[in-house]
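Given next are the chains, with one letter for each unit.
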Amino acid sequence: MSRLNLMLVDDEERFLATTAKLLTRQGHNVTTATSGQEALDKLEQHDVEVVILDVKMPGMDGLQALREIRIRFPLVSVIMLTGHGTVESAVDGMKLGAFDFVTKPCDIDDLLAKAEDAAGRRRDLEDKIRQARLLTAIRSPRELVREADGRPEK
Amino acid sequence: MVERKPRPPASPAYETLRRRILASMILAPSVPFALVLLVGTYNFNLATREATVARMVRIADDHRNAIQSFLDERLADLGFVAHVWTFDGLRQPETLTDVLQDLQRYAPAFVDLGVFDADGVLVAYEGPYALTGKVYSDADWFRQVIEHRTFVSDVFLGYRNSPHFVIALAEGDGADRWVLRATIDTHLFTEMVERVRSGRTGEAYVVNRNGVFQTVRRSGGELLDVAPERIGLDTPGRGVATSVARAADGSTFVWATTWLNDDNWLLVVRQEVGDAFWALHRATYVGLVILVIGGSGIVLLAVSLTNGLVRRLQRVDDEKQHLNQQLIVAGRLAEIGEMSAGFAHEINNPLQIIRSEQALIEAIVDDLGRQGQLPESEDVADLTDSVRQIRTQIDRCAAVTQGILKFARHTDPVVREVALADFFPEVVAMISSKAAVSGVKLTVNVTPDLPPVNADRAQLQQVVLNLLNNAFDAVEQQHGSEGGEVVLDAALSGDRIEVSIRDNGSGISAADIGKIFTPFFSTKPVGKGTGLGLSICFGIVESMGGTIRVSSNPQVGTTFTVSLPPAT
């Protein structure tokens, strides 16, 4: 498994700590947050590929956080952590753009597999963007220069 | 059997109700009934009475006219004779004899004929008595006839000393005055008067102003006796006077009286009331009988109807109470169901933590092992084993909470294609531990390659679980904790998918088998179960376009078969 940049968001601190330890042992980069707001703040600072987000949290609700993440960090994939199987919040989550969901209590391997998939998608996306830019560069060097001045497309 | 609380003794509320209903059920028909009967009888009474009296009046009237005619005609006869033969002619004894004979031929009432001169001397006589030569100048009748020219006497004894009455007329004036007199046969007269008969006791007779019998009264009364009753004598006037009064012998009669013969005689027609109004009395008795029979009929009917009604009410109340109780039980169980979802949620959180801790422990142990840090020993082996076991058990807990949560949701059914190949194992997994605990041998035969069905997965689960649970209960009831067998078969039958759940449990009696799909029907003791399971299953299966049927042999076993159409 390649090295993943993950963020775990859950209001249970112990769970965060232990799971982070586990994932770090396996060689991944793990950031943690105990609330939706903290997650958004940390996303500004860290380069995260996949966020594993608990649906039910006090303060900013999981779905709300999901919406925010999709708007502000569209290249970040979100995996929902939900209490029951096929259920409204998971379905809503999918509708709002979550990549997948995992039921609590979650299986680490299952979680990682899904995170891999998510990360893979993002990498594919990034490749596509790079390719697209290359193509446009071949067509118009002027635009290349203009783009280089601004930030990469969000 | 559905348990019912023993019916409480008739409560005061029911008694009051019963009394009220009974009262109105008796009154309601009784009042019009009695009214009709009374009014009818009264009117009939009245009408009959009037009719009877009217009849008597008519009889009296007609009879009086007849008698009066008789008297008038006899006088007319005398007048004729007087004019035709004259005084001188009639003085001849042979003439008188002939005349009497002729008269008698056509009016046998004439007993004798007498011719009297102006001084009251009987100068000629034809008849059965030796009266010739007698002087009647002082006789009341003579004086009357001289004064009034015609005269009808009352009955009197006279010279012959036997009751008789005479009719006489006077002809001529002054010294030429003469009188023709005839005696009327009282026997014939009585016969004529008496001729009126109505009923058993109806009779007619004539009395004079002083109440002396002028004719013989059939029921007792000789000529010249004084009638013991004075009815009608004090009532003057034309027409017929009627009354109902007691006679001297105590019986009550209907009387009709009318004056004749110049108001000298009173015709009395009478009949005993019982006799006269017999139709009336009979009708009254019949009415009474009807009243009694009808009345008791009404009362009996009212009592039986009321009892039936009250019994019905009690039964309905009981059933309602029973249903209420079942509703409460159902509500409680539903609450428990709701709470269980909460429990499952609560448990998931710590479970999540435990899992992650276990994963960490396992990872560390594995790493240490790989790094050679863990000596090979029984303890280490046990440790490793234990760690892995924890994971297994966590998985088990997770399955339970997941099962509960899936089940406890009440979302609208989401109909999807359900692949039976993995549906059944999932359901069986939910219940296999219960089977093991109850000592029930559960066999599952699902033919491979079964087509999927269109259903809401949770609802389908609900049906299968319910049937399996029922099967376990039945089997436990029959076999205790050993020997119970439940078999689940799922196979294609024709173009339908048939799922049958067969058990060797206590079975369902023929009496109950028709009711098992009815809501709230349960053979379990009160408090166990809601009685809703099978009715809900029925509803679910129907909504999927399937059918559910049951066959059972008490003490032997039961088979439920659900037949579903495959998803097209």
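Residues numbered from 1 in each chain as written. Chains lettered and ligands numbered in written order. Predicted model: local features only at pLDDT ≥ 70, side-chain atom pairs only at ≥ 80, totals over all residues.

The next thing to look at is the overall build of chain A. Of the regular secondary structure elements, chain A holds six helices and five strands. Written out in order from the N terminus, the α and β elements of chain A read β-α-β-α-β-α-β-α-β-α-α. Out of the 154 residues belonging to chain A, those deemed buried represent 33%. Sequence-distant contacts, at least 24 apart, represent 60% of the contacts inside chain A between residues at least 6 apart. (Helix = DSSP H or I, 4+ residues; strand = E, 2+ residues; numbered from the N terminus. Buried ≥ 20, exposed ≤ 12 C-beta atoms within 10 Å, placed from the backbone. Contact = placed C-beta atoms within 7 Å.)

Broken down by element type, chain B carries 11 helices and 16 strands. Relative to its 568 residues, chain B shows a buried fraction of 27%. Of all intrachain contacts in chain B linking residues separated by at least 6 positions in sequence, the fraction that spans at least 24 positions is 62%.

Residue and element names in this part refer to chain B. Close contact between helix α1 (residues 12-91) and helix α6 (residues 278-370) brings their axes to 9 Å; oriented N to C, the two are set at 165°. Taken together, the axes of α1 and α6 lie roughly antiparallel to each other. In this structure, α1 meets α6 at a crossing whose hand is right-handed. Residue composition of the contact of α1 with α6, by class: 22 nonpolar, 10 polar and two charged. (Axes fitted to C-alpha atoms, helices over the stretch in contact; angles between N-to-C directions. Parallel < 35°, antiparallel > 145°, perpendicular 65-115°, else oblique. Left-handed = near helix turned anticlockwise from the far one by under 90°. Nonpolar A, V, L, I, M, F, W, Y, C, P; charged D, E, K, R; others polar.)

All names here are of chain B. Pairing within the open sheet is mixed, and its five strands lie in the order β11-β13-β14-β16-β15. Each having just a single partner strand, β11 (440-446) and β15 (547-553) make up the two edges of the open sheet. Adjacent strand axes in the sheet meet at a mean angle of 10° when their direction is disregarded. Inspection of the sheet shows strand β14 (residues 496-503) paired to strand β16 (residues 557-564) by seven bridges, in the antiparallel sense. Across the sheet, residue Arg502 finds its bridge partner in β16, namely Thr559. Its contacts with the sheet put helix α8 (residues 420-438) on β11 and β13 (484-493), and the angle it makes with β11 is roughly 170°. The sheet strands contacting helix α9 (residues 457-479) are β11, β13, β14 and β16, and the helix crosses β13 at an angle near 145°. (Pairing = 2+ DSSP bridges.)

Let us look at the nonpolar core. Residues and elements named next belong to chain B. Of all hydrophobic cores here, the largest spans 62 residues; its most connected members are Ala168 and Leu267. For this core, the element with the highest residue contribution is α1, accounting for nine residues. When residues are assigned to domains, this core turns out to be shared by domain 1 (15-182) and domain 2 (189-279), each giving three or more. Setting aside anything within four residues of it in sequence, one finds Ala168 in contact with Trp141, Val145, Phe151, Val179, Leu180 and Arg181. By size, the runner-up hydrophobic cluster in this structure holds 36 residues, among which are Leu420, Val475, Leu488 and Cys537. (Core = buried A, V, L, I, M, F, W, Y, C linked by C-beta atoms within 7 Å. Domains from an automatic or database assignment.)

Opposite the 17 residues of chain B that make contact, chain A presents 16 residues. Elements with a minimum of two residues in the side of chain B that touches chain A: α6 and α7 (378-408) of chain B. Ranked by residues supplied to the side of chain B that touches chain A, first place goes to α6(B) with 12 residues. Across the side of chain B that touches chain A, the residue classes tally to eight nonpolar, six polar and three charged.

A few words now on the sheet that holds strand β4 (residues 165-171) of chain B. Residues and elements named next belong to chain B. Strands sit in the order β2-β1-β5-β4-β3 across an open sheet of five strands; the sheet is antiparallel. In this open sheet, the two edge strands, each paired with only one partner strand, are β2 (122-126) and β3 (150-152). On average, each strand axis in the sheet is inclined to that of its neighbour by 15°, with strand direction left out of account. In this structure, β3 lies alongside β4, joined through three bridges in antiparallel fashion. Looking across to β4, one finds that Phe151 is bridged to Ala168. Most of the contacts of α1 go to β4, to which it runs at about 50°, and overall it touches β1 (110-116), β2, β3, β4 and β5 (178-184).

Another aspect to go through is helix α3 (residues 62-72) of chain A. An α-helical turn contains 3.6 residues, so a residue and the one three or four places further along point in the same direction. Residue and element names in this part refer to chain A. Of all the positions in α3, only Gly62, Ala65, Leu66 and Ile69 are classed as buried. Looking straight down α3, one finds its buried side chains confined to an arc of 105°; they lie on one side. α3 presents Ile71 and Arg72 as exposed residues on the side facing more than 90 degrees away from its buried surface. (Arc of directions from axis to C-beta.)

A few words on the pairing of strand β6 (residues 203-208) of chain B. Residue and element names in this part refer to chain B. Of all six residues in β6, six are buried, a share of seventy percent or more. On β6, burial covers both faces: Glu203, Tyr205 and Val207 on one face and Ala204, Val206 and Asn208 on the other are all buried. Judged from the six bridges that link them, β6 and strand β9 (residues 265-272) form a sheet pairing that is antiparallel. Counterpart to Glu203 in the pairing with β9 is Arg270.

Examined against the element boundaries, B:Arg270 turns out to sit in strand β9. It is 9.4 Å that separates the C-alpha atoms of B:Arg270 and B:Val244, two residues lying 26 residues apart in sequence.

Take the pairing of β13(B) next. Residues and elements named next belong to chain B. Note: β11 against β13, seven bridges, orientation parallel. Among the inter-strand pairings, Val446 is bridged to a residue of β13, identified as Ala490. In this structure, β13 lies alongside β14, joined through eight bridges in antiparallel fashion. Paired with Leu492 across the strands is Ile497, a residue of β14. The antiparallel pairing of β13 with β14 creates a hairpin that spans two residues between the two strands, and Gly494 there sits at a positive phi of about 70°.

With that out of the way, let us pick up the confidence of the model for chain B. On average, residues of chain B score 86 in pLDDT, and 96% of them reach the 70 mark or higher. The element-level mean pLDDT for chain B is lowest in strand β10 (residues 415-418) of chain B, coming to 82, with β16(B) highest at 93. (pLDDT = per-residue confidence, 0-100.)

The next point concerns α9(B). The end-to-end C-alpha separation of α9(B) is 32 Å, in line with the 33 Å expected for 23 residues at 1.5 Å each. Once α9(B) ends, the next one or two residues include B:Gly480, with phi positive near 70°. (Expected span 1.5 Å × (residues − 1).)

Residues and elements named next belong to chain B. For the pair α9 and helix α11 (residues 533-543), the least separation of the axes is 10 Å and the interaxial angle reads 140°. Seen from above, α9 lies across α11 with left-handed handedness. Taking contact as the criterion, the partners of Gln459, Gln462, Val463, Asn466, Leu467 and Asn470 in α9 are, on α11, Gly533, Cys537, Ile540 and Val541. Residue composition of the contact of α9 with α11, by class: five nonpolar, five polar and no charged.

To continue, consider unusual backbone geometry. At the junction of A:Lys104 and A:Pro105, the peptide bond is cis and its omega measures out at -10° in the coordinates. By the secondary structure assignment, A:Pro105 is in the loop between β5 (100-103) and α5 (108-139). Unusually for a residue other than glycine, B:Asp262 sits at a positive phi of about 65°. With phi around 65°, B:Asp449 is a residue other than glycine that occupies positive phi space. Mapping B:Asp449 onto the fold places it in the loop between β11 and β12 (453-456).

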